Amino acid sequence: MNNLQKRILTALVVLPISLFFIFVGGYPTLLFLLTIFFVANYELFSVFKKKSIILFLDLVLILSLYSIYLLSKYESELLLWIIILVVCSDIGGYVFGKLFKWKKLTDISPNKTVSGVFGSFIFSLMSPILYFIITNPFNRSSDDFLEPEYFFYSLLFSLIAQAGDLTISYFKRLEKIKDAGKILPGHGGIFDRIDGLMFVSIIAYILIYLRLVG
């Protein structure tokens, strides 16, 4: 089984389970997020050596998990769209990066290309439409996400997700490691999988708090 097949199979198993525990609410959601926290910390202390990196990533992790918890409790529709957006952005970057062999984006992450950046932006613009298609049979208010501002937010959050990905890649490069862990076949560790979502969830919650989105 090649790496792409592993990525797809892992995503098909992990994503539905994660969505269930994030949106079921109450103690199951809390327990799931705490499990993510402790598993991610195990990776942190097993792989990373620099204390400053560990402290920074732990701070981002805690803030992101808390933001996800609050969003799941009070803004579950927005959180679901954010998750769809980050997945679309990741897939777009991967697909365009493989199909269009354009120049490298940065030495921080050798696999990142300029074409991948455009792919992430293009696929992220599909997220409001996908959210509408998936949720409209159950929630008639989902057409709110087809308003023009959500397409601009898609670009903004895709940019933040990509910046988050590069930030984690930078720290891994400092430590001279490829992946933050091995718990997710084809993806690496927890930080390899949720790097973009961590930063997006924090910024999204701040924007909601400031009443700029939602």
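So, how was this worked out
- Residues numbered from 1 in each chain as written.
- Predicted model: local features only at pLDDT ≥ 70, side-chain atom pairs only at ≥ 80, totals over all residues.
- Heavy atoms only, no water.
- Helix = DSSP H or I, 4+ residues; strand = E, 2+ residues; numbered from the N terminus.
- Buried < 20%, exposed > 50% of the residue type's maximum accessible area, 1.4 Å probe, protein only.
- Contact = heavy atoms within 4.5 Å.
- Areas by Shrake-Rupley, 256 points an atom, 1.4 Å probe, with all protein chains shown as cover.
- Lys, Arg positive; Asp, Glu negative; His and termini not counted.
- Charge placed at Lys NZ, Arg CZ, Asp CG, Glu CD.
- Salt bridge = Lys/Arg side-chain N within 4 Å of Asp/Glu carboxyl O.
- Core = buried A, V, L, I, M, F, W, Y, C linked by side-chain atoms within 4.5 Å.
- Phe/Tyr/Trp six-rings, centres within 6.5 Å; stacked < 30°, edge-to-face > 60°.

S.K.: Can you explain the overall build of the protein? Please cite residues and give values.
M.R.: Broken down by element type, the protein carries eight helices and zero strands. The secondary structure elements of the protein, listed N-terminal to C-terminal, are α-α-α-α-α-α-α-α. Expressed as lengths along the three principal axes of its C-alpha atoms, the size of the protein is roughly 50 × 40 × 35 Å. For the protein, with 214 residues in total, the buried portion stands at 44%. Within the protein, residue pairs in contact and separated by at least 24 positions form 69% of the contacts whose partners lie at least 6 positions apart. On the protein, roughly 12,000 Å² of surface is accessible, and the fraction owed to carbon and sulfur atoms is 70%. Across the protein, the 19 positively charged side chains and the 15 negatively charged ones have centroids separated by 12 Å.

S.K.: Any details on the pattern of salt bridges? Residues and values, ideally.
M.R.: Any two side chains of opposite charge can pair, given that their charged atoms come close. Considering all chains together, one arrives at three salt bridges under this definition. Here Lys172 makes a salt bridge to Asp192, at a shortest N to O gap of 2.6 Å. A residue pair is termed long-range when its members are at least 10 positions apart, and Lys172 in helix α7 (residues 148–175) and Asp192 in helix α8 (residues 190–209) qualify at 20 residues. Accessibility assignment for this pair places Lys172 and Asp192 in one class, buried.

S.K.: Requested: an account of the nonpolar core, with residues and values cited.
M.R.: Across soluble globular proteins, nonpolar side chains have a tendency to be buried as a group. Counting residues in hydrophobic clusters, the biggest one holds 47 residues, and the most contacted among them are Phe48, Leu57, Trp81, Ile82, Phe157, Phe191 and Met198. At the level of secondary structure, the elements contributing two or more residues to this core comprise α2 (26–47), α3 (51–74), α4 (76–99), α7 and α8. Discounting residues that sit within four places of it in the chain, Trp81 has contacts with Ser127, Pro128, Tyr131, Phe145, Tyr150, Tyr153, Ser154 and Phe157.

S.K.: Mind laying out the packing of aromatic side chains, listing which residues take part and the relevant values?
M.R.: Remark: the centre distance and the inter-plane angle together describe each pair of aromatic rings, the angle taken between the planes. Taken as a whole and assessed by the stated rule, the structure comprises 14 aromatic pairs. Taken together, Trp81, Tyr131, Phe145, Tyr150, Tyr153 and Phe157 form an aromatic cluster joined through their ring pairs.

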